[in-house]
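Letter by letter, the chains look like this.
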Amino acid sequence: MTSMSRARVARRIAAGAAYGGGGIGLAGAAAVGLVLAEVQLAKRAVGNGGTAPHPPSAEGLYGDGMTTADEPPLLLLMLGDSTAAGQGVRRAGQTPGALLASGLAAVAERPVRLRNVALPGARSDDLERQVSQALADSGQVPDICVIMIGANDVTHRMPATRSVRCLATAVRRLRTAGAEVVVGTCPDLGTIEPVQQPLRWLARRASRQLAAAQTIGVVEQGGRTVSLGDLLGPEFAANPRELFGPDSYHPSAEGYATAAMAVLPTVCAALGLWPAEEERPDVSRREGFLPVARAAAEAASEAGTEVAAAMPTGPRGPWALLKRRRRRRVGATEPSPTSASGV
């Protein structure tokens, strides 16, 4: 599917989400049903092959040695599915939340408190519960929220319009509460090893359609997105033994580090921690202002690409800034044991 075709599909899905439609599917419900059968074979291996049955808890304080009297810790909230929870690794410091918290603390030179309400197996309709849980204490509004969601929407054939509507509503609630929001869009399910051609192609197409539509819905609510194709994308296809975990479905520690490196620059940019010159488009890196649907389609095709709102409107509708940020390496650390219980 070309970038322009994907943009048109994404625009239709996003419009259906905004105006209450529910009948637009992902690459054909029957075809995706076949993908579902093979993906479920992969998911049944979770808990076997040395994989921990539950994600390790990484909640706690990171960078506590940077504590200052006049600045409280930044609050980072993780929401979404097993990817956000860190399913597939054994150590807390190997989860994406821990990697992002430690990386953010290093960039901000300020401690970061991590809270994680993500649920393995969650679909986008669970975000309403997760957001309510996160915002239950009005005195603990997150500074930055990272949402990773979408894979289970595809494998369980949730209508794309409903999926995007649930995500957009969650982003709107978090933004209204005062939090910045970064969404890691649906990963490329076409690289899961047990899925064979032609179902592999169909899974990739469905994943990218949803990722592009998610981007439109998120940007229109004031959030930013990062394409997570690298999470289950070309690097994973080329190095499955290195970047997939023992269950061949969830990422390994190295895989989560790859994803965290892609997301961290956007998290820092959302909090205003990047130099001003890095926020301008770099033509040499093919960055620039595009209609939001086109930017969403291009991002879905290239992992690690960021899309953020730019101009309210243009001759072809809302516009967005497409960025290809340089990845920042992050290291695994463990939360402070003295503060983990206070999250």
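None of the values given here were measured: they were computed from a predicted structure.

How each quantity is defined
- Residues numbered from 1 in each chain as written.
- Predicted model: local features only at pLDDT ≥ 70, side-chain atom pairs only at ≥ 80, totals over all residues.
- Heavy atoms only, no water.
- Helix = DSSP H or I, 4+ residues; strand = E, 2+ residues; numbered from the N terminus.
- Expected span 1.5 Å × (residues − 1).
- Buried < 20%, exposed > 50% of the residue type's maximum accessible area, 1.4 Å probe, protein only.
- Contact = heavy atoms within 4.5 Å.
- Core = buried A, V, L, I, M, F, W, Y, C linked by side-chain atoms within 4.5 Å.
- pLDDT = per-residue confidence, 0-100.
- Axes fitted to C-alpha atoms, helices over the stretch in contact; angles between N-to-C directions.
- Parallel < 35°, antiparallel > 145°, perpendicular 65-115°, else oblique.
- Left-handed = near helix turned anticlockwise from the far one by under 90°.
- Nonpolar A, V, L, I, M, F, W, Y, C, P; charged D, E, K, R; others polar.
- Lys, Arg positive; Asp, Glu negative; His and termini not counted.
- Salt bridge = Lys/Arg side-chain N within 4 Å of Asp/Glu carboxyl O.
- Pairing = 2+ DSSP bridges.
- Polar contact = N/O pair within 3.5 Å; in protein donor to acceptor, adjacent residues only side chain to side chain.

Section: helix α4 (residues 96-108)
Then, number 1: Its 13 residues give α4 an end-to-end C-alpha distance of 18 Å, which sits within 8% of 18 Å, the value for a rise of 1.5 Å per residue.
Then, number 2: For α4, the tally of buried residues reaches eleven of 13 residues, placing the bulk of the element in the interior.
Then, number 3: Listed in full, the buried residues belonging to α4 are P96, G97, A98, L99, L100, A101, S102, G103, L104, A105 and A108.
Then, number 4: Where α4 is buried, its residues contact β1 (60-62), β2 (74-80), α3 (82-85), β3 (112-116), β4 (144-148) and α11 (253-270).

Some words on the nonpolar core
Then, number 1: Residues L76, L100, L104, V146 and V263 are the most contacted members of the largest nonpolar core, which totals 36 residues.
Then, number 2: The leading source of residues in this core is α11, at ten residues.
Then, number 3: When neighbours within four sequence positions are excluded, V263 is seen to be in contact with L100, V146, M148, V182, V226 and L228.
Then, number 4: Formed by 17 residues, the second largest nonpolar core is a distinct cluster that contains L79, V131, L167 and V183.

With respect to the confidence of the model for the chain
Then, number 1: Residues with a pLDDT of 70 or more make up 67% of the chain, whose mean pLDDT is 78.
Then, number 2: pLDDT under 50 marks residues 337-343. Its contacts with residues more than four places away, or in other chains, come to eleven contacts.

Examining the packing of helix α5 (residues 127-134) against helix α7 (residues 160-177)
Then, number 1: Taken N-terminus to C-terminus, the directions of α5 and α7 make an angle of 10°; their axes are 9 Å apart at the nearest point. It follows from the interaxial angle that α5 and α7 lie roughly parallel. For the element pair α5 and α7, the recorded crossing hand is right-handed. Counted together, L127, E128, V131 and S132 of α5 and C166, L167, A170, R173 and L174 of α7 form the full contact between these two elements.
Then, number 2: For the contact of α5 with α7, the residue count by class is six nonpolar, one polar and two charged.

Describing helix α12 (residues 292-301)
Then, number 1: Burial within α12 is extensive, with seven of its ten residues counted as buried.
Then, number 2: Those residues of α12 that fall on the buried side of the exposure criterion are V292, A293, A295, A296, A297, A299 and A300.

A closer look at the packing of α4 against α11
Then, number 1: Between α4 and α11, the shortest axis-to-axis distance is 9 Å and the interhelical angle comes to 40°. One element, α4, and the other, α11, form an angle in the oblique class. As α4 runs across α11, the sense of the crossing is right-handed. Contacts between α4 and α11 involve P96, L99, L100, G103, L104 and V107 from the former and Y256, A257, A260, V263, L264, V267 and C268 from the latter.
Then, number 2: Here the contact of α4 with α11 is composed, by residue class, of twelve nonpolar, one polar and no charged.

Regarding the side chain of D153
Then, number 1: Tracing the sequence through the fold places D153 in helix α6 (residues 151-155).
Then, number 2: No salt bridge is formed by the buried D153; the nearest opposite charge belongs to R123, separated by 5.5 Å.
Then, number 3: If near-sequence neighbours (up to four positions away) are discounted, D153 is found in contact with R123, S124, M158, S163 and L210.

Some words on the pattern of salt bridges
Two side chains carrying opposite charge are able to pair once their charged atoms lie near each other.
Then, number 1: Under the defined criterion, the tally for this structure stands at twelve salt bridges.
Then, number 2: With its nearest N and O atoms 3.9 Å apart, the salt bridge here joins E71 to R110. A residue pair is termed long-range when its members are at least 10 positions apart, and E71 in the loop between β1 and β2 and R110 in the loop between α4 and β3 qualify at 39 residues.
Then, number 3: On the basis of relative accessible area, R110 is assigned to the buried category, the value being 17%.
Then, number 4: For E298, the salt bridge identified is with R324, shortest N-O distance 3.6 Å. Of this pair, E298 sits in helix α12 while R324 sits in the segment after β9 (319-323), and the two are 26 residues apart along the sequence.
Then, number 5: Where salt bridges share partners, they join R286, R294, E298, E302 and R324 into one cluster.

Quick look at the pairing of β9
Then, number 1: Among the five residues of β9, five are classified as buried, and the element is accordingly described as predominantly covered.
Then, number 2: Across four bridges, strand β7 (residues 288-291) lies against β9 in antiparallel orientation. Its bridge partner being in β9, P291 is matched across the sheet by W319.
Then, number 3: In this sheet, β9 lies alongside strand β8 (residues 306-309) in antiparallel orientation, the contact comprising four bridges. Within the sheet, the bridge partner assigned to A309 lies in β9 and is A320.

Concerning the side chain of R324
Then, number 1: Judged by its relative accessible area of 8%, R324 is buried.
Then, number 2: Among the polar contacts listed, one links the side chain of R324 to the backbone oxygen of R286, at a separation of 2.2 Å.
Then, number 3: For R324, the contacting residues outside a window of four places in its chain are R285, R286, E287, E298, E302 and T305.

Observations regarding the pairing of strand β5 (residues 180-184)
Within a regular strand, the side chains alternate between the two sheet faces.
Then, number 1: Where burial is concerned, most of β5 is hidden: four out of the five residues are buried.
Then, number 2: In the sheet, β4 pairs with β5 via five bridges, with the strands oriented parallel. By the bridge assignment for β5, V146 is matched with V182.
Then, number 3: Where β5 lies against strand β6 (residues 224-226), three bridges are found, and the strand directions are parallel. When the bridges of β6 are listed, V182 appears paired with R224.

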